[in-house]
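What follows is each chain in one-letter form.
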Amino acid sequence: MYAGAVLQPPHSVLQARRVLRDWNQTQLASAVGTTQSAISRFETGEGITDPDLAATVADVLDIPPPLLGVRPPAPEILHLLPPSLPRKPANHALASVTMTHARVTLMLGTPNEFLLRSPGGVGWAHPHGYAESLRKAWELPSGPISRLLPTLESHGVVCVYRDLSALRTHALASTSADGGVLMLLDSRASRPQLAWAVAHELGHLVFGNEPSKAGEADADEFAIEFLTPGRELLDLT
């Protein structure tokens, strides 16, 4: 959804599913027999306490009823998406981020501990230092990383393939209110495209900054060092 100049996913499952149906709150309210103000409250975290209404909403939106009971994931992305993206496809893609968080929470329960950030350490003031320190903390061998996705998943990042063409990116990292971390991977991307995009998004997760142009530049610097450590290249010269 458009939050000023920054694109972010919908806050709740109900809002995400409504966006995917191309309905406004009034249209959904009419379809399930309630009011627009009630839908607004449900979408902002109040939840649907009436079991009959919850069953009707789930049926109308064609989702499993347990998904409506998932705590609002309130997902965020750290990648700065261009505001020039076509609105409807972009909103649909971002709504799918929210739905993926909810489904992962429903299947896996409490997320694994997310082992990325360091409380300190030498070299953590620059993106290259972050990358070098993270490789060391994760005990990665020298040279290229041969199993990047399994490495991420072993440190608490759930990787899921999706069509991200509407967002014009090959990977997209997203965090949720319950501590869950997703790495969405473009199902149409090549392996080299995925490797670069995933390393870039990993940089966003490590820094944890708000989306910005400076953050994109830092994530690029992180990806370069994480995938091809400069010290190792110097050792070869």
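The structure displayed is predicted, hence computed values, not measured ones. (Residues numbered from 1 in each chain as written. Predicted model: local features only at pLDDT ≥ 70, side-chain atom pairs only at ≥ 80, totals over all residues. Heavy atoms only, no water.)

Draft legend 1. A look at the confidence of the model for the protein chain. Confidence in the prediction of the protein chain, expressed as mean pLDDT, is 85, and 87% of residues score 70 or more. In the model of the protein chain, strand 1 (residues 2-3) stands out as the element of lowest mean pLDDT, 40, in contrast to helix 2 (residues 25-32), which has the highest, 96. Taken as a whole, residues 118-123 scores under 50 in pLDDT and shows four contacts with residues more than four places along the chain or in a different chain. In this model residues 233-237 is a low-confidence stretch, pLDDT under 50, and it forms one contact with partners more than four residues away in sequence or in other chains. (pLDDT = per-residue confidence, 0-100. Helix = DSSP H or I, 4+ residues; strand = E, 2+ residues; numbered from the N terminus. Contact = heavy atoms within 4.5 Å.)

Draft legend 2. Broad picture of the environment of glutamate 132. Residue position: glutamate 132 is located in helix 7 (residues 127-137). Of the residues examined, glutamate 132 reaches a relative accessible area of 28% and is grouped as partly exposed. Along the sequence, glutamate 132 and glutamate 225 sit 93 residues apart, while their C-alpha atoms lie 7.0 Å from each other. (Buried < 20%, exposed > 50% of the residue type's maximum accessible area, 1.4 Å probe, protein only.)

Draft legend 3. Just the nonpolar core, in detail. Leu152, Met183, Leu202, Phe222 and Phe226 are the most contacted members of the largest nonpolar core, which has 26 residues in total. Listing elements by their share of this core, those giving two or more residues are helix 7, helix 8 (148-154), strand 4 (157-162), strand 5 (171-175), strand 6 (181-186), helix 9 (191-207) and helix 10 (213-227). With eight residues, the top contributor of residues to this core is helix 9. (Core = buried A, V, L, I, M, F, W, Y, C linked by side-chain atoms within 4.5 Å.)

Draft legend 4. Layout of the pattern of salt bridges. In the structure shown here, the tally under the stated rule is three salt bridges. The salt bridge partner of aspartate 163 is arginine 188, with a shortest N-O separation of 3.2 Å. Taken together, the residues aspartate 163 in the loop between strand 4 and strand 5 and arginine 188 in the loop between strand 6 and helix 9 connect sequence positions 25 residues apart. (Salt bridge = Lys/Arg side-chain N within 4 Å of Asp/Glu carboxyl O.)

Draft legend 5. Broad picture of the side chain of threonine 151. Inspection of the secondary structure assignment puts threonine 151 in helix 8. Separated by 2.7 Å, the side chain of threonine 151 and the backbone oxygen of arginine 147 make a polar contact. When residues no more than four places from it in sequence are discounted, the contact partners of threonine 151 are Trp138, Leu140 and Ile145. (Polar contact = N/O pair within 3.5 Å; in protein donor to acceptor, adjacent residues only side chain to side chain.)

Draft legend 6. View of the sheet that holds strand 5. The mixed open sheet is built from four strands, whose spatial order is 3-5-6-4. Each edge of the sheet is formed by a strand with only one pairing partner; in this case those strands are strand 3 (76-77) and strand 4. Note: strand 4 against strand 6, six bridges, orientation parallel. Paired with arginine 162 across the bridge in strand 6 is aspartate 186. Here helix 6 (residues 87-108) sits on the sheet and contacts strand 3, strand 4, strand 5 and strand 6; the angle it forms with strand 6, its principal contact strand, is near 125 degrees. Along the sheet, helix 9 makes contact with strand 4, strand 5 and strand 6, crossing strand 6 at roughly 155 degrees. (Pairing = 2+ DSSP bridges. Axes fitted to C-alpha atoms, helices over the stretch in contact; angles between N-to-C directions.)

Draft legend 7. Broad picture of the environment of alanine 219. Turning to its location among the elements, alanine 219 is positioned in helix 10. For alanine 219, a relative accessible area of 0% corresponds to the buried category. Along the primary structure alanine 219 and leucine 205 are separated by 14 residues, whereas in three dimensions their C-alpha atoms are 9.2 Å apart. Setting aside anything within four residues of it in sequence, one finds alanine 219 in contact with His200, His204 and Phe207.

Draft legend 8. Summary view of the packing of aromatic side chains. According to the stated counting rule, one finds four aromatic pairs in the structure shown. The interplanar angle of 85 degrees and the centroid separation of 4.9 Å between the aromatic rings of tyrosine 130 and phenylalanine 207 together place this pair among those described as edge-to-face. On the criterion of sequence distance, the pair formed by tyrosine 130 in helix 7 and phenylalanine 207 in helix 9 is long-range, its members being 77 residues apart. With centroids separated by 6.0 Å and ring planes inclined at 85 degrees, the aromatic side chains of phenylalanine 207 and phenylalanine 222 adopt a geometry described as edge-to-face. Of this pair, phenylalanine 207 sits in helix 9 while phenylalanine 222 is found in helix 10, placing the two residues 15 residues apart along the sequence. Each member of the pair, phenylalanine 207 as well as phenylalanine 222, is classed as buried. What links up through ring pairs into an aromatic cluster is the set Tyr130, Trp138, Phe207, Phe222 and Phe226. (Phe/Tyr/Trp six-rings, centres within 6.5 Å; stacked < 30°, edge-to-face > 60°.)

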